[in-house]
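The primary structure of each chain is shown beneath.
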Amino acid sequence: MKRLLFVLLSIIYLSVSSVAQEPALEQKIAQMLMVGFRGTTATAQSDVANWLNKYQIGGVILFDYDSPTKKYKRNIESISQLQKLVADLKRLSKTPLFVAIDEEGGQVSRLKTNYGFKPTVTQKYLGTLDNEDSTRFYAHRIAAACKQVGINVNFAPLVDVDVNPNCPIIGKKQRSYSADNEVVIRNSKWFVNEHQKQGVLCVVKHFPGHGVTNTDSHESTPVVEKSLDALRRYELVPFAEALKSADGVMVAHILYPNIDEDRIASQSSVFITELLREEFGFSGIVMSDDFRMAGLRKQTTLKKAAVQFILAGGDLILCGANHTYQKQILEGLYAAAEDGTISEQRLNESVLRILSAKIRVTGWDPLIG
């Protein structure tokens, strides 16, 4: 594994150095971070270009709405503008770049009709129909829109079960297909398959399940008083099935005290290593939900959270906004890698998963460049 990683990384960084060599620690760690930014253009002088060049980060996430300023058109204004932005981001990046978006359809849509995109519907609507043609039709529409503008990662579908229809962030927004496991399994499989046809990676969410909560993890840390056996019988079933075909999984900032009393799921080796890796046999990318969310930040510091996520078995950290937060994450990982808290083997495992997925999704041939 280490030899394969060295070959991949050496070839990639030939674009930076004329001599193949083991990439610097900073370059490996930067691949494990996906960031958000403000702006609808990307030039050599822009803030995001500096991040791509200085840190060689693994990916970016795009939004149309900017939460701090409560204004739209953060990154997206039109189809043509978005095509150029994504193309410029990829051109400015020294390594193959993940360009991601949350495009579930319905109430969670960044590619809106007023920007020129075709309308979509909620997962709840499709789950109510539970019709293969309908789900595939809208999944194809979403995947084709992503491909049209160059987006290669979609943080969808939700495979959360609609246990609590009053959940403020899942049930009330009609983001879950159904309270019926089988409906969730069928429809999420169709959704993922249509994205695979378009060459767009799917990251299913929010493991191990957000549909039961009474609170929004953007605002506070949800607490779920369920046992692991209860989760295995219900909420985990769709994840176990979805992860047979999905490229990645997003882990939620939710506390399950009867399973891990000390750590939220996104910080827990019980959930990431023991369940995802060992029990489910998942070998794809494990990524965090956004590190700027209060569900995480009320539990620990960003530096400690970044280190613990990797130690727990995670691969890719999402931090959608605020370069101050993003720098803290990188600093925490650098320090932990340098003092041996995070081993070289642990880093290499994650970077290999990330780079292998990038080669797959971009069609990039590292021997050609």
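Quick caveat: nothing in here was measured; it's all calculated off a predicted structure.

So, how was this worked out
- Residues numbered from 1 in each chain as written.
- Predicted model: local features only at pLDDT ≥ 70, side-chain atom pairs only at ≥ 80, totals over all residues.
- Heavy atoms only, no water.
- Salt bridge = Lys/Arg side-chain N within 4 Å of Asp/Glu carboxyl O.
- Helix = DSSP H or I, 4+ residues; strand = E, 2+ residues; numbered from the N terminus.
- Buried < 20%, exposed > 50% of the residue type's maximum accessible area, 1.4 Å probe, protein only.
- Pairing = 2+ DSSP bridges.
- Contact = heavy atoms within 4.5 Å.
- Axes fitted to C-alpha atoms, helices over the stretch in contact; angles between N-to-C directions.
- Phe/Tyr/Trp six-rings, centres within 6.5 Å; stacked < 30°, edge-to-face > 60°.
- Parallel < 35°, antiparallel > 145°, perpendicular 65-115°, else oblique.
- Nonpolar A, V, L, I, M, F, W, Y, C, P; charged D, E, K, R; others polar.
- Left-handed = near helix turned anticlockwise from the far one by under 90°.
- Polar contact = N/O pair within 3.5 Å; in protein donor to acceptor, adjacent residues only side chain to side chain.
- Right-handed = clockwise from strand over helix to strand, strands pointing away.

Trainee: When you look at the pattern of salt bridges in this model, what are you seeing that I'm missing?
Mentor: Between side chains of opposite charge, pairing is possible as soon as their charged atoms come close. This structure, assessed with the given rule, holds 26 salt bridges. For arginine 136, the salt bridge identified is with glutamate 132, shortest N-O distance 2.8 Å. Of this pair, arginine 136 and glutamate 132 both sit in helix H6 (residues 132-149), separated by 4 residues, roughly a single helical turn. Since its relative accessible area comes to 36%, glutamate 132 is described here as partly exposed. Among the ionic contacts, a cluster of salt bridges with common partners joins Asp102, Glu104, Arg110, Arg175 and Lys205.

Trainee: Explain the pairing of strand E5 (residues 98-101) to me, please; I cannot follow it from the model alone.
Mentor: On any regular strand, side chains alternate: one points to one face of the sheet, the next to the other face. Of the two faces of E5, the one holding Phe98 and Ala100 and the one holding Val99 and Ile101 are both buried throughout. Pairing geometry for strand E2 (residues 59-62) and E5, over 4 bridges, is parallel. Counted as the bridge partner of isoleucine 61 is alanine 100 from E5.

Trainee: Explain the sheet that holds E2 to me, please; I cannot follow it from the model alone.
Mentor: Taken in spatial order, the 8 strands make up an open sheet running E9-E8-E7-E6-E5-E2-E1-E10, and their pairing is parallel. On the outer flanks of this sheet lie strand E9 (285-288) and strand E10 (317-319), each paired with one strand and no other. The pairing of strand E1 (residues 33-35) with E2 spans 2 bridges and is classified as parallel. Bridge pairing links methionine 34 to glycine 59 in E2. Helix H13 (residues 323-338) contacts E1 and E10 of the sheet and is inclined by roughly 155 degrees relative to E10.

Trainee: Would you explain the packing of aromatic side chains in this entry?
Mentor: Given two aromatic rings, their pairing is described by the distance between the two centres and the angle made by the two planes. Summed over the entire model, instances satisfying the criterion amount to 8 aromatic pairs. Centroid distance tyrosine 65 to tyrosine 72: 4.8 Å. Interplanar angle 55 degrees. Geometry classified as tilted. Of the residues examined, tyrosine 72 reaches a relative accessible area of 52% and is grouped as exposed. Ring plane angle 50 degrees and centroid distance 5.3 Å describe the contact between tyrosine 256 and phenylalanine 271, whose orientation is recorded as tilted. Placement of the pair is tyrosine 256 in the loop between strand E8 (248-251) and helix H10 (269-279) and phenylalanine 271 in helix H10, with a sequence separation of 15 residues. The two residues tyrosine 256 and phenylalanine 271 agree in class, both being buried.

Trainee: Looking at this structure, I do not really get the packing of helix H3 (residues 47-55) against H13. What am I missing?
Mentor: What describes two packed helices is the angle between their axes and the distance between those same axes. Axis separation between H3 and H13 bottoms out at 13 Å; the angle between their running directions is 5 degrees. Accordingly, the angle class assigned to the pair H3 and H13 is roughly parallel. Listed contacts from H13 to Asp47, Trp51 and Tyr55 of H3 are His323, Gln326, Lys327, Leu330 and Tyr334. Here the residues of the contact of H3 with H13 are counted per class, giving 4 nonpolar, 2 polar and 2 charged.

Trainee: For this particular structure, what's the right way to read the packing of helix H12 (residues 302-311) against H13?
Mentor: One way to put it is that H12 packs onto H13 with a least axis distance of 8 Å and a crossing angle of 55 degrees. On the basis of the axis angle, H12 is oblique to H13. H12 and H13 meet at a crossing whose hand is right-handed. Between H12 and H13, the residues in contact are Leu302, Lys303, Ala306, Val307 and Ile310 and Tyr325, Gln328, Ile329, Glu331, Gly332, Leu333 and Ala336, respectively. Along the lines of polarity and charge, the residues of the contact of H12 with H13 split into 8 nonpolar, 2 polar and 2 charged.

Trainee: Help me understand the side chain of asparagine 187 in this model?
Mentor: As for its position among the elements, asparagine 187 is in helix H7 (residues 181-198). Polar contacts involving the side chain of asparagine 187 include one to the main-chain carbonyl oxygen of valine 183, which spans 2.8 Å. The contacts of asparagine 187, once residues within four sequence positions are left out, are Leu126, Gly127, Asp130, Thr135 and Tyr177.

Trainee: Sorry, what's going on with the pairing of E9 here?
Mentor: Burial of the side chains of E9 extends over both faces: Ile285 and Met287 are buried on one face and Val286 and Ser288 on the other. Crossover E8 to E9 through H10 is right-handed.

Trainee: Just checking my understanding: could you explain the environment of glutamine 174 for this structure?
Mentor: Structurally, glutamine 174 is set in the loop between strand E6 (153-154) and H7. For glutamine 174, a relative accessible area of 37% gives the class partly exposed. Taking C-alpha positions, glutamine 174 is 20 Å from aspartate 64, a pair spaced 110 residues apart along the chain. Apart from residues lying up to four places away in sequence, glutamine 174 is in contact with Gln107, Thr122, Gln123 and Lys124.

Trainee: Would you mind showing me how to read the side chain of arginine 110 here?
Mentor: Its place among the elements puts arginine 110 in the loop between E5 and helix H5 (123-129). When its relative accessible area of 18% is taken as the criterion, arginine 110 is described as buried. A distance of 3.4 Å separates the side chain of arginine 110 from the side chain of aspartate 102, its partner in a polar contact. Each residue touching arginine 110, except ones within four places of it in the same chain, is listed here: Leu62, Phe63, Asp64, Ile76, Ile101, Asp102, Glu103 and Tyr115.

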